[in-house]
Amino acid sequence: MLQSLITLSDQDIEVVITAVRQWCTKNHCEIDSNDGRRALTVAIDLVQNSARDRLLQNLTERLGPRSGEMDAQISGAG
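**Student:** Could you give an account of the pattern of salt bridges, naming the residues involved and the relevant values?
**Tutor:** Here the structure, examined in full by the defined rule, presents two salt bridges. Of the charged contacts, one joins Asp-35 and Arg-38 as a salt bridge, the two residues approaching to 3.6 Å between their closest N and O atoms. In this pair, Asp-35 and Arg-38 are both assigned in helix H3 (residues 34–48), three residues apart and thus about one turn of the helix distant. Look at Asp-35 and you get buried, because its relative accessible area is 11%. Among the salt bridges present, the one from Arg-62 reaches Asp-45, with a minimum N-O distance of 3.3 Å. In this pair, Arg-62 sits in helix H4 (residues 55–63) while Asp-45 sits in helix H3, placing the two residues 17 residues apart along the sequence. On the basis of relative accessible area, Asp-45 is assigned to the partly exposed category, the value being 29%.

Structural data, given as structure tokens:
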């Protein structure tokens, strides 16, 4: 993941970090958690494939609700 990040421009790194922080805030997780690292990996992949314009939206679509959120929704539905 780090190797992929260093291949990005400074502007792309800023876009990735901003989108991942927003995604983590929305999904109540830390950026250094498993879900945060997964989001970072997906965001880097999206930016490398020219999906910069709507990165947060694309990230949310690709990841869906984080694991803990899904567990809470299932438990609450019972």
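**Student:** Can you break down the environment of Thr-25 residue by residue, with the values?
**Tutor:** Structurally, Thr-25 is set in helix H2 (residues 10–26). Note on Thr-25: relative accessible area 61%, which makes it exposed. Placed eleven residues apart in sequence, Thr-25 and Gly-36 show a C-alpha to C-alpha distance of 9.9 Å.

**Student:** With reference to specific residues and values, describe the packing of H2 against H3.
**Tutor:** For any two helices packed against each other, the geometry is given by the interaxial angle and the distance between the axes. It is at 9 Å that the axes of H2 and H3 come closest, and there the two elements cross at 140 degrees. In terms of axis orientation, H2 runs oblique to H3. The crossing of H2 and H3 is right-handed. Across the interface between the two elements, Asp-12, Val-16, Val-20, Trp-23 and Cys-24 from H2 touch Asp-35, Gly-36, Ala-39, Leu-40, Ala-43, Ile-44 and Val-47 from H3.

Conventions used here
- Residues numbered from 1 in each chain as written.
- Predicted model: local features only at pLDDT ≥ 70, side-chain atom pairs only at ≥ 80, totals over all residues.
- Heavy atoms only, no water.
- Salt bridge = Lys/Arg side-chain N within 4 Å of Asp/Glu carboxyl O.
- Helix = DSSP H or I, 4+ residues; strand = E, 2+ residues; numbered from the N terminus.
- Buried < 20%, exposed > 50% of the residue type's maximum accessible area, 1.4 Å probe, protein only.
- Axes fitted to C-alpha atoms, helices over the stretch in contact; angles between N-to-C directions.
- Parallel < 35°, antiparallel > 145°, perpendicular 65-115°, else oblique.
- Left-handed = near helix turned anticlockwise from the far one by under 90°.
- Contact = heavy atoms within 4.5 Å.

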